[in-house]
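Observations on the model geometry
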Amino acid sequence: MAVQQAAIGMRSRSQNQRRKRIVQTAAALALRGGVEAMQMRAVAERAGVALGTLYRYFPSKMDLVVAVVTEELDLLETSISRRPPTAETAAGRAVDVLMRATRGLMREPELADALVRSLIMAEAKTELGARITDLLWRVATGAAAADGQDSGPAEPPDRTDPAYVRVASLASVWVFEVLELLKGDRGLDEVQRRIEIAAEPLLAHC
């Protein structure tokens with residue numbers, strides 16, 4: 001039994017490493033040539049896996065794009081945990097996080113466009129919207145600062161709580177503003193101003 005469990009553990013680690021290699025390869029291609037450069041065959045060849053293996057991990061290109069964007073979100077969450085926003089108000093902390101995310105995404109506008117499409121068009125099964133809202137909720141309520149102090153796992157939010165719903169509304173505003181930024185209809189300063197205007201009343205009671 002112990003030998004069998006060890007074999008299963010090794011296989012699982014190998015699969016995780018393979019998946020990570022595929023995602024990192026796709027991200028590298030996207031950085032060089034945008035999402036269009038993330039052709040499935042090219043990703044498979046550069047990652048050293050069979051095309052069929054790639055499709056087992058990621059049934060569509062959009063699934064792969066979402067995985068790359070999810071890794072970016074992982075980095076943002078790590079950054080927030082290490083350096084939580086210091087604004088006194090919930091709105092100020094939420095705006096800090098959303099603008100960090102915006103600046104990070106705009107370094108890779110092709111991926112930002114893919115993120116927006118995955119959030120509003122449901123081209124792939126994704127929990128990105130919920131993760132972004134959960135992150136904002138932790139920041140707004142001060143739980144993100146507690147996370148950074150190793151106080152144990154955070155309590156999952158009650159997504160029916162009216163305060164959480166208002167946070168989700170702010171996340172929706174952010175997605176729309178990022179879309180306008182990508183279209184060239186907004187500048188970064190104007191996006192921040194609009195998010196600040198939306199955040200104040202929405203998060204006044206968080």
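Residues numbered from 1 in each chain as written. Predicted model: local features only at pLDDT ≥ 70, side-chain atom pairs only at ≥ 80, totals over all residues. Heavy atoms only, no water.

1. Section: helix H7 (residues 128–141)
Along an α-helix, residues three or four apart share an orientation, since each turn contains 3.6 residues. The test is simple: Only runs of H or I of at least four residues qualify as helices and only runs of E of at least two qualify as strands under DSSP, and these elements are numbered from the N terminus. The length a helix should cover is 1.5 Å for every residue beyond the first. Each residue is assigned to one of three classes by its accessible area relative to the maximum for its type, calculated with a 1.4 Å probe on protein chains only: buried under 20%, partly exposed between the two thresholds, exposed over 50%.
Over its 14 residues, H7 extends 20 Å from the first C-alpha to the last, a length consistent with the 20 Å expected when each residue adds 1.5 Å. Summarising burial for H7: 11 of the 14 residues are buried, a large majority. Gly 142, located one to two residues past H7, shows a positive phi value of around 85 degrees.

2. Points about the pattern of salt bridges
Put simply, the rule reads: Basic side-chain nitrogens of Lys or Arg form a salt bridge, by our definition, when they fall within 4 Å of a carboxyl oxygen of Asp or Glu.
With the rule as written, the count across this model stands at 12 salt bridges. Between Glu 77 and Arg 131 there is a salt bridge; the shortest N-O distance is 2.6 Å. In this pair, Glu 77 is assigned in helix H4 (residues 61–82) and Arg 131 in helix H7, connecting sequence segments 54 residues apart. Exposure remark for Arg 131: the relative accessible area of 21% places this residue in the partly exposed category.

3. Examining the confidence of the model for the protein chain
This is how it is decided: Think of pLDDT as the predictor's per-residue confidence, scored from 0 to 100. Here, residues are in contact when the closest pair of their heavy atoms is within 4.5 Å.
On average, residues of the protein chain carry a pLDDT of 84, and 85% of them reach 70 or more. Low confidence marks residues 2–8, where pLDDT is under 50. Its contacts with residues over four positions away, or in another chain, come to 0 contacts.

4. What about the UniProt feature "DNA-binding region" (unreviewed entry) in the protein chain?
Our working definition: UniProt positions are given in the numbering used here, feature names are shortened, and annotations may be inferred rather than shown by experiment.
Under the local residue numbering, the UniProt record ascribes the feature "DNA-binding region" (unreviewed entry) to residues 39–58. Taken end to end, residues 39–58 is 75% helix and 0% strand, and its two terminal C-alpha atoms sit 12 Å from one another.

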